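Architecture at a glance
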Protein chains: 2
Amino acid sequence: MEDASKTAPSPPTLHDVAREAGVSVATASRALNGSARNVRSENVRRVRAAAAKLNYEPHLSAQAIAKGSTRTVALVVGDVADPYFSAIAAGVSGAAEEAGLIVTMAVADRSPDRELEIVRTLRGQRPRVLIIAGSRVDGTDTRAPLIEELEEYRTTGGRVIMISQRDLPFATVTVDNHGGARRLAHALARLGYRRYAIFRAPERVRTSTDRCAGFLAGLRESGAGGAPPVVVEAEFTRSGGHEAARRLLERGYEDVEAVFAVNDVMAIGAMTALRESGVVPGRDLAVAGFDDIGSAVDVVPPLTSVAVPLKEAGLRAMRLALSPDDRAAEERIATHVVVRESTPVLRPSG
Amino acid sequence: MEDASKTAPSPPTLHDVAREAGVSVATASRALNGSARNVRSENVRRVRAAAAKLNYEPHLSAQAIAKGSTRTVALVVGDVADPYFSAIAAGVSGAAEEAGLIVTMAVADRSPDRELEIVRTLRGQRPRVLIIAGSRVDGTDTRAPLIEELEEYRTTGGRVIMISQRDLPFATVTVDNHGGARRLAHALARLGYRRYAIFRAPERVRTSTDRCAGFLAGLRESGAGGAPPVVVEAEFTRSGGHEAARRLLERGYEDVEAVFAVNDVMAIGAMTALRESGVVPGRDLAVAGFDDIGSAVDVVPPLTSVAVPLKEAGLRAMRLALSPDDRAAEERIATHVVVRESTPVLRPSG
DNA sequence: TTGAAAGCGCTACCAG
DNA sequence: CTGGTAGCGCTTTCAA
């Protein structure tokens, strides 16, 4: 008769399965997981049957501690609700599940301090892989401690992968922000635009800064000797873009033909703000963004942007992590310009 | 002299910390985590210092197995890249981090089979809480096994929370789909609309079906004796909406004044499809959606929708999970109609 | 207030 | 091929 204890029953253990199957735990373990082949097939059957009957599920923590390694990949994102990050998360999660890994996700709220804190506690999980997605931010005092933390993690067998820019000495999936913005500038110049406004995030947000620099470089190369662009600084979010547009309208936009917002959510927020003030995007003022998020084709007019295969970036990050190659590799994600109606031909090219 | 072993160094353990601090592991454990107060403060200091010096981070798996419980909450979503789910994920993750819990995320690809499989393997993590977000799907043969799996999980101390509709015997955060759609129908009727098309997902997707039913009920109550709505069935995604609109156009839409799409991504996809065919949404054909996702205000015309506080749903789910109350509670998330320009006044009300 | 030691569930080594 | 058993890193009695 079973000991009908009154305490909360606990899930069946390998012992239970072994007993049920009439074999030792060792055999049960081998049959279910370990080096499978060294078990008489009869016993494999019995163990499997017992496991199924008891609805046994191995205790991952126990396995982790016994084997000395987990099957976990930890993902740090700036903000899940932002399509930029959720696309990356989708890629990572897809590749991870394919590889039989479990994803744990932490949200850093775009704060470098929070990011550091998260990385620290994440180490407690002893994840196989640690993927950090999110723009590097210059001039914070968390840079050094973060590097130290990650360095140590790597020393003890972990794999670090960054997604964004190559700023820290770890394997990185970089997005070609500079090149994409540069080519966008060329494309706009070809359409006849000469005078620009740029909606950018604060200087220290690297992604924004890289895109700006690329855009400016592209402008110079196009020989558009026009006045330097009007620069409006705001948050790296939809509402940041909205606000930037309002500020531009306040100032007056007679001297600008096109706005380059450093990401699509800003561009979309800006378009809405323009429209709210009776300025028709694409007709009265051209707008271009960056990222080519899904909704770029659903706004009006459809948004010219620079496509960044974010989901693929997530996939590649996982693949990089799983590759045997140990060193701080760099994997470059190409970007390409997608011209849509938000930047119509302004001056027919000669 | 340290044993400079050649194998990959492993992270410091509690033993290392104890040795460094000159106390026993037991004391070190108590100082760092356990019942803190029974340690001489001098020793607490020493242990803390040692831990900091070694950059010690407790091995969560080891703690889990020693304590017999984890600090993990497992979240199952249909698709992270969909704003519906990423909003929920944001809510869950926010509340979890606040409670010091770690979130592990799995993506079911909207497949009930995958969902079941995930739940099964997730049990191996022994999470404290298991949150399943995603529409219930009728008529699958996974329902019974899913219930069994979850039941067992609960028996062994886990908390199950569903987000969507109350279909399974577990605590649920339900979204008032029926009521919201019903009130949307009232609102549209008040604006003068009489003849509708409905873009819905297949019958078995409960969320879609509930919204349809609510909408139809609202129509009846409004006494709009018009012809029954034209129903177009498509996928529950943006491209489903796009396709539904195309099919409606093919068929001809002279007899419909407004489209109700059962979610915003469908509605937005539909608007784009309409526009691609030269049909101006809001002028030639009104469109309304459901969920009030962020981009509803950024499309043109801004989309009439039913607001569902998804992030809050995630928060509430976590809160429910953490509440002592054990039984299958139900927490209702209210929804409310937001009328925007995609459904302008059609017939001035009398 | 402390330390020794017995586990937690599982794997892997070592004998048979 | 199989079973016994020594850990894995940590918590938690139990005595001291």
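Remember, predicted model here, so these are calculated numbers, not experimental data.

Once that is clear, we can look at the overall build of chain A. For chain A, the helix and strand inventory stands at 12 helices and 12 strands. Relative to a compact globule of 350 residues, whose C-alpha radius of gyration would be 20 Å, chain A shows 26 Å and is clearly more extended. With 350 residues in all, chain A has 56% of them scored as buried. In chain A, the share of contacts with a sequence separation of at least 24, taken over all contacts with a separation of at least 6, comes to 75%. Total accessible area on chain A stands at roughly 15000 Å², and carbon and sulfur atoms take up 51% of it. Here chain A contributes 45 positive and 44 negative side-chain charges, whose respective centroids are spaced 6 Å apart.

Put simply, helix α4 (residues 60-67) of chain A and helix α4 (residues 60-67) of chain B touch, their axes get as near as 8 Å, and they point 125° apart. It follows from the interaxial angle that α4(A) and α4(B) lie oblique. By crossing handedness, the relation of α4(A) to α4(B) is classed as left-handed. Here A:Ser61, A:Ala62, A:Ala64 and A:Ile65 of α4(A) lie close against α4(B), whose contacting residues are B:Ser61, B:Ala62, B:Ala64 and B:Ile65. Class assignment for the residues of the contact of α4(A) with α4(B) results in six nonpolar, two polar and no charged.

Residue and element names in this part refer to chain A. Reading across the sheet, the four strands line up as β7-β6-β8-β9 and stay open at both edges, with parallel pairing between neighbours. Looking at the sheet topology across the chains shown, the edges are occupied by β7 (230-233) and β9 (286-288). Going across the sheet, the axis of each strand differs from the next one's by a mean of 20°, ignoring polarity. Here strand β6 (residues 196-200) runs beside β7; their pairing, made up of four bridges, is parallel. Bridging from a neighbouring strand, isoleucine 198 pairs with valine 231 of β7. Strands in contact with helix α8 (residues 177-191) are β6, β8 (258-261) and β9; relative to β6, the strand with the most contacts, it is inclined by about 155°.

Take the protein's contact with DNA strand C next. Close to DNA strand C lie 26 residues, the nearest being A:Leu14, A:Ser29, A:Tyr56, B:Thr27 and B:Asn43. For DNA strand C, the fraction of protein-proximal atoms (within 4 Å) that sit in sugar or phosphate groups is 69%. Within the contact set of DNA strand C, a phosphate oxygen lies 3.2 Å away from a backbone nitrogen or oxygen of A:His59. One of the side-chain N or O atoms of B:Arg30 is found 2.8 Å from a base nitrogen in DNA strand C.

Another aspect to go through is the relation of the copies chain B and chain A. For the pair chain B and chain A, the superposition axis carries a translation of 0.0 Å, the fit reaches an RMSD of 0.1 Å, and the rotation angle comes to 180°. The transformation just described matches what one would write down for a two-fold rotation axis. Nearest to the rotation axis, the C-alpha of B:Thr104 is located 1.9 Å from it, this being the minimum over chain B. Mapped onto chain A, 100% of the interface residues of chain B are again interface residues, and the two copies thus contact each other with one and the same surface.

All names here are of chain A. Inspection of the entire model under this criterion finds six aromatic pairs over all chains. Judged by centre distance (5.3 Å) and plane angle (85°), the rings of tyrosine 196 and phenylalanine 215 are edge-to-face. In this pair, tyrosine 196 is assigned in strand β6 and phenylalanine 215 in helix α9 (residues 206-221), connecting sequence segments 19 residues apart. An identical accessibility class is assigned to tyrosine 196 and phenylalanine 215; each is buried. Cluster of aromatic residues (ring-pair linked, three or more members): Tyr196, Phe215 and Phe260.

Taken residue by residue, the interface counts 48 residues in chain B and 48 residues in chain A. Note on chain B versus chain A: buried area summed over both sides is about 4200 Å², and carbon and sulfur give 54% of it. For chain B, the biggest contributors to the area lost against chain A are B:Glu57, B:Arg126 and B:Asp298; these three give 15% of the whole. Between chain B and chain A we count four salt bridges in total. Between A:Glu97 and B:Arg114 there is a salt bridge, with the nearest N and O atoms lying 2.7 Å from each other. Our count for the contact surface shared by chain B and chain A stands at 18 residue pairs in polar contact (both at pLDDT 80 or more). A total of six residues in the side of chain B that touches chain A trace back to one element, the largest contributor, which is strand β2 (residues 102-107) of chain B. Broken down by class, the residue content of the side of chain B that touches chain A amounts to 23 nonpolar, 14 polar and 11 charged.

All names here are of chain B. With 13 residues, helix α7 (residues 143-155) ought to run about 18 Å at 1.5 Å a step, and its terminal C-alpha atoms sit 18 Å apart, in line with that. Restricting attention to buried positions, one finds in α7 the residues Leu146, Ile147, Glu149, Leu150, Tyr153 and Arg154. Along the axis of α7, the buried positions cluster into a sector of 165°, meaning they face one direction only. Of the residues in α7, the exposed ones pointing more than 90 degrees away from the buried face are Ala144 and Glu148. Where α7 terminates, the next one or two residues include glycine 157, which has phi positive at roughly 100°.

This part is about the protein's contact with DNA strand D. Inspection of the region around DNA strand D gives 26 residues, with A:Thr27, A:Asn43, B:Leu14, B:Ser29 and B:Tyr56 positioned closest. Here a phosphate oxygen of DNA strand D sits 2.3 Å away from a polar atom, N or O, in the side chain of A:Asn43. B:Tyr56 places a side-chain nitrogen or oxygen 2.4 Å from a phosphate oxygen of DNA strand D. Counting residues per element, the ones that place at least two in the surface near DNA strand D are α2 (25-32) and α4 of chain A together with α2 (25-32) and α4 of chain B. Counting residues per element, the surface near DNA strand D draws most heavily on α4(B), at five residues. Looking at the surface near DNA strand D residue by residue, the classes come out as 12 nonpolar, nine polar and five charged.

An order of β11(A)-β5(A)-β4(A)-β3(A)-β1(A)-β2(A)-β2(B)-β1(B)-β3(B)-β4(B)-β5(B)-β11(B) is seen for the 12 strands of this open sheet, with the pairing classed as mixed. Each edge of the open sheet is held by one strand with a lone partner, namely β11 (330-333) of chain A together with β11 (330-333) of chain B. Shown here is a sheet whose adjacent strand axes are inclined to one another by a mean of 20°, direction ignored. With four bridges joining them, strand β5 (residues 171-175) of chain B and β11(B) adopt parallel strand pairing. The residue bridging B:Thr172 from the neighbouring strand is B:Glu330, located in β11(B).

You can read the domains of chain A as domain 1 (4-66), domain 2 (69-175 + 311-334) and domain 3 (177-308). The C-alpha centroid of domain 3 of chain A is placed 60 Å from the C-alpha centroid of domain 1 of chain A.

The subject of this paragraph is the side chain of A:Thr272. Relative to the elements of secondary structure, A:Thr272 occurs in helix α11 (residues 264-276). Taking the relative accessible area as the measure of exposure, A:Thr272 reaches 4% and is therefore buried. Every residue in contact with A:Thr272, bar those within four places of it in the chain, is listed here: A:Arg238, A:His242, B:Val297 and B:Asp298.

All names here are of chain A. Where helix α10 (residues 238-251) meets α11, the axes come as close as 6 Å, and the angle between the chain directions of the two elements is 45°. One way to sum up the angle between α10 and α11 is to call them oblique. In this structure, α10 meets α11 at a crossing whose hand is right-handed. Within the contact between the two elements, α10 uses Arg238, Gly240, Gly241, His242, Ala245, Arg246 and Leu249 and α11 uses Val265, Met266, Gly269, Ala270, Thr272, Ala273, Leu274 and Glu276.

Conventions used here
For every chain, the first residue of the written sequence is number 1, and numbering continues from 1 along that sequence. Note on labels: chains are lettered from A, ligands numbered from 1, in written order. In keeping with the model being predicted, local features are shown solely for residues with a pLDDT of at least 70 and side-chain atom pairs are shown and tallied solely at 80 or more, while totals for entire chains, interfaces and linings include all residues. Only hydrogens and water are set aside; all other atoms, that is, all heavy atoms of the structure, feed into the side-chain values. Note on conventions: DSSP H or I runs of at least 4 residues are helices, E runs of at least 2 residues are strands, and numbering of each starts at the N terminus. We compute the radius of gyration from the C-alpha atoms alone; for a globule the expected value is 2.2 Å times N to the 0.38, where N is the number of residues. Only protein chains enter the area calculation, which uses a 1.4 Å probe; residues under 20% of their type maximum are buried, those over 50% are exposed, and those in between are partly exposed. The criterion used for residue contact is that any of the two residues' heavy atoms lie within 4.5 Å. Note on areas: Shrake-Rupley with a 1.4 Å probe; residue coverage comes only from the protein chains shown. Charge assignment: positive for Lys and Arg, negative for Asp and Glu; neither His nor the chain ends contribute. In this description, the location of a charge corresponds to atom NZ of lysine, CZ of arginine, CG of aspartate or CD of glutamate. To get an axis, a line is fitted to the C-alpha atoms, and for a helix only the part in contact is used. The angle between two axes follows their N-to-C directions and goes from 0 to 180 degrees. Throughout this description, any angle smaller than 35 degrees is read as roughly parallel, any larger than 145 degrees as roughly antiparallel, any in the 65 to 115 degree range as roughly perpendicular, and the remainder as oblique. By convention, the crossing between two helices is left-handed when the near helix turns anticlockwise from the far helix through less than a right angle, and right-handed when the turn is clockwise. Three residue categories are used. Nonpolar comprises Ala, Val, Leu, Ile, Met, Phe, Trp, Tyr, Cys and Pro, charged comprises Asp, Glu, Lys and Arg, and polar comprises the others, including Gly. DSSP bridges decide pairing: two strands pair if at least two such bridges lie between them. Residues are counted as near a molecule or strand when any one of their heavy atoms sits within 4 Å of it. Whenever two N or O atoms come within 3.5 Å, that pair is a polar contact, provided that in protein one can donate a hydrogen and the other can accept it, and provided that, for residues adjacent in sequence, both atoms are side-chain atoms. Superposition of the copies used a least-squares fit over C-alpha atoms from residues whose pLDDT is at least 70 in both. Stacked, edge-to-face and tilted are the three classes for Phe, Tyr and Trp ring pairs, Trp counted by its six-membered ring, which pair at centre distances within 6.5 Å; planes under 30 degrees apart are stacked, over 60 edge-to-face, the rest tilted. Using a 1.4 Å probe, buried area is obtained as the accessible area two parts lose upon being combined, added over both of them. For this document, the term salt bridge refers to a Lys or Arg side-chain nitrogen within 4 Å of an Asp or Glu carboxyl oxygen. Here a helix's expected span is defined as the number of its residues, less one, multiplied by 1.5 Å. Note: the arc covers the axis-to-C-beta directions of the helix. Each domain's extent is set by a domain assignment, obtained either automatically or from a database.

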